[in-house]
Amino acid sequence: MSARDRFTGPVRGAASPAASASRPVAVVEAGFRALARLRRAPALHPQGLTCTGELEVLDDGRGPWGVPWLDTPRRLAAQVRLSRAGGLPRRLPDGLGLAVRVADADGPDRTLDLLMTSSGRGRAGRHLPLPRADALRGPYSSLLPYRVAGRSCLLAAFPRRTRQAPVPGDPEGMAAALAAGPLVYDLCAERDDRSWRRFAVLTVRDVLPVEGEDTLDFDPYRHSVRAFAPGAALAATRRAAYRGSRVGRGSRRELP
């Protein structure tokens, strides 16, 4: 074997590109699994309320979306989780979560999960999580784009300022607000000019007696519908995080 062959041949024990690429994903999954096991709750958003809800799909008069579940105006039952991302003490601002599950959104057994986090406003701010003390103070965003009818766009939820406002973003404060009446959110998708188009109204009503360890395993990758799904950005890492959190908790509660 020539000197050139010795130095250009494969290096024994070297990791393949695929293995190297998968290593960070495995680390993320292991970290989320360990954190969920420690908390006996989701790795992120461990503190929260599970609530009944209703999603009204709208016809805004601007023509079809090209998305089956959005092109049929109707009312759908939903389960909603209002949560705190870091589990910080209630007196401190925290990233606030809004998770929505709609069973049979796109027909029998076609469940849809939507996950959004309190965010900033504007073209840059809507991509960034923003800790907040008042749950109704500003928008919630998907942070990363969805593919909606083949188009890349963010999703957002804009809370309506009700008579309960301000609403502290901790479970006790949100439960007290819901005891006084429903909380309402306008759900929107970005248009090409980065303005918002509303597609549904979410009404959150009553708190359900669900303990932290029995919280639903929300996962927008496992529960997406035709022409309406998370985009490719950080998909492998996010899938690993959801999977790790689910396994760490033992998937105590998983609805279709």
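First, a word on scope: everything that follows refers to the structure included in this document. Every value quoted in this text rests on a predicted model; they were computed, and no experiment measured them. (Residues numbered from 1 in each chain as written. Predicted model: local features only at pLDDT ≥ 70, side-chain atom pairs only at ≥ 80, totals over all residues. Heavy atoms only, no water.)

### Notes on the overall build of the chain
Condition: The secondary structure listing takes helices from DSSP runs of H or I that are at least 4 residues long and strands from runs of E that are at least 2 residues long, numbered from the N terminus. Under the scheme applied here, a residue whose accessible area is under 20% of the maximum for its type counts as buried, over 50% as exposed, and between as partly exposed, the area being computed with a 1.4 Å probe on protein chains only. Residue contacts are counted whenever heavy atoms from the two residues lie within 4.5 Å of one another. The Shrake-Rupley method, run with a 1.4 Å probe sphere, supplies the accessible areas, and residue values consider only the shown protein chains as cover.
Of regular secondary structure, the chain possesses five helices and 11 strands. A buried classification covers 45% of the 256 residues belonging to the chain. Considering only residue pairs separated by 6 or more positions, the chain has 64% of its internal contacts joining residues 24 or more positions apart. In the structure as shown, the chain presents an accessible area of about 12,800 Å², 55% of it carried by carbon and sulfur atoms.

### Observations concerning the sheet that holds strand β11 (residues 228-230)
What counts, and what does not: By definition, two strands form a pair when at least two bridges between them are found by DSSP. Lines fitted to C-alpha atoms define the axes here, with helix axes fitted over just the stretch in contact, and angles between the N-to-C directions of these axes take values from 0 to 180 degrees.
Strand order across the open sheet formed by three strands is β7-β6-β11, with antiparallel pairing between neighbours. Of all strands in the sheet, those with a lone pairing partner are β7 (151-153) and β11, marking the two edges. Taking each pair of neighbouring strands and ignoring which way they run, the sheet shows an average axis angle of 30 degrees. Pairing geometry for strand β6 (residues 146-148) and β7, over three bridges, is antiparallel. Within the sheet, the bridge partner assigned to Arg147 lies in β7 and is Ser152.

### Description of the nonpolar core
Which entries qualify depends on this criterion: Buried Ala, Val, Leu, Ile, Met, Phe, Trp, Tyr and Cys residues that are joined via side-chain atoms within 4.5 Å together make up what is termed a nonpolar core.
In this structure, Trp69, Leu82, Leu98, Tyr185, Leu187, Phe199 and Phe228 are the most contacted members of the largest nonpolar core, which totals 42 residues. With near-sequence residues (within four places) excluded, Trp69 lies in contact with Leu55, Val57, Arg74, Leu76, Ala105, Asp106, Leu112, Phe199, Val225 and Phe228.

### Quick notes on the pattern of salt bridges
Here is the rule we go by: Criterion for a salt bridge: a side-chain nitrogen of Lys or Arg within 4 Å of a carboxyl oxygen of Asp or Glu.
In this structure the tally under the stated criterion is 14 salt bridges. For Arg75, the salt bridge is made with Glu54, and the minimal N-O distance between the two is 2.9 Å. You can see Arg75 sitting in strand β2 (residues 74-84) and its partner Glu54 sitting in strand β1 (residues 47-57), a full 21 residues away along the chain. A relative accessible area of 55% places Arg75 in the exposed class. Judged by its relative accessible area of 22%, Glu54 is partly exposed. Where Arg198 meets Asp186, a salt bridge forms, and the shortest distance between an N and an O atom there is 3.0 Å. Within this pair, whereas Arg198 is found in strand β10 (residues 196-207), its partner Asp186 is found in strand β9 (residues 183-190), the two being separated by 12 residues in sequence. The class for Arg198 is partly exposed, based on a relative accessible area of 36%. Linked by salt bridges that have partners in common, Glu54, Glu56, Arg75 and Arg205 make up one network.

### Notes on the side chain of Ser119
Residue position: Ser119 is located in the loop between β4 (112-118) and α3 (122-125). Setting aside residues up to four positions removed in sequence, Ser119 forms contacts with Gly125, Arg126, Leu128, Pro129, Leu130, Arg132, Pro139, Tyr140, Ser141 and Leu143.

### Observations concerning the sheet that holds β4
Sheets are built from strands that pair by backbone hydrogen bonding, the pairs being arranged parallel or antiparallel. Around the barrel, eight strands lie side by side as β1-β2-β3-β4-β5-β8-β9-β10; this closed barrel has antiparallel pairing. Along the sheet, helix α4 (residues 171-180) makes contact with β1, β2, β9 and β10, crossing β1 at roughly 40 degrees.

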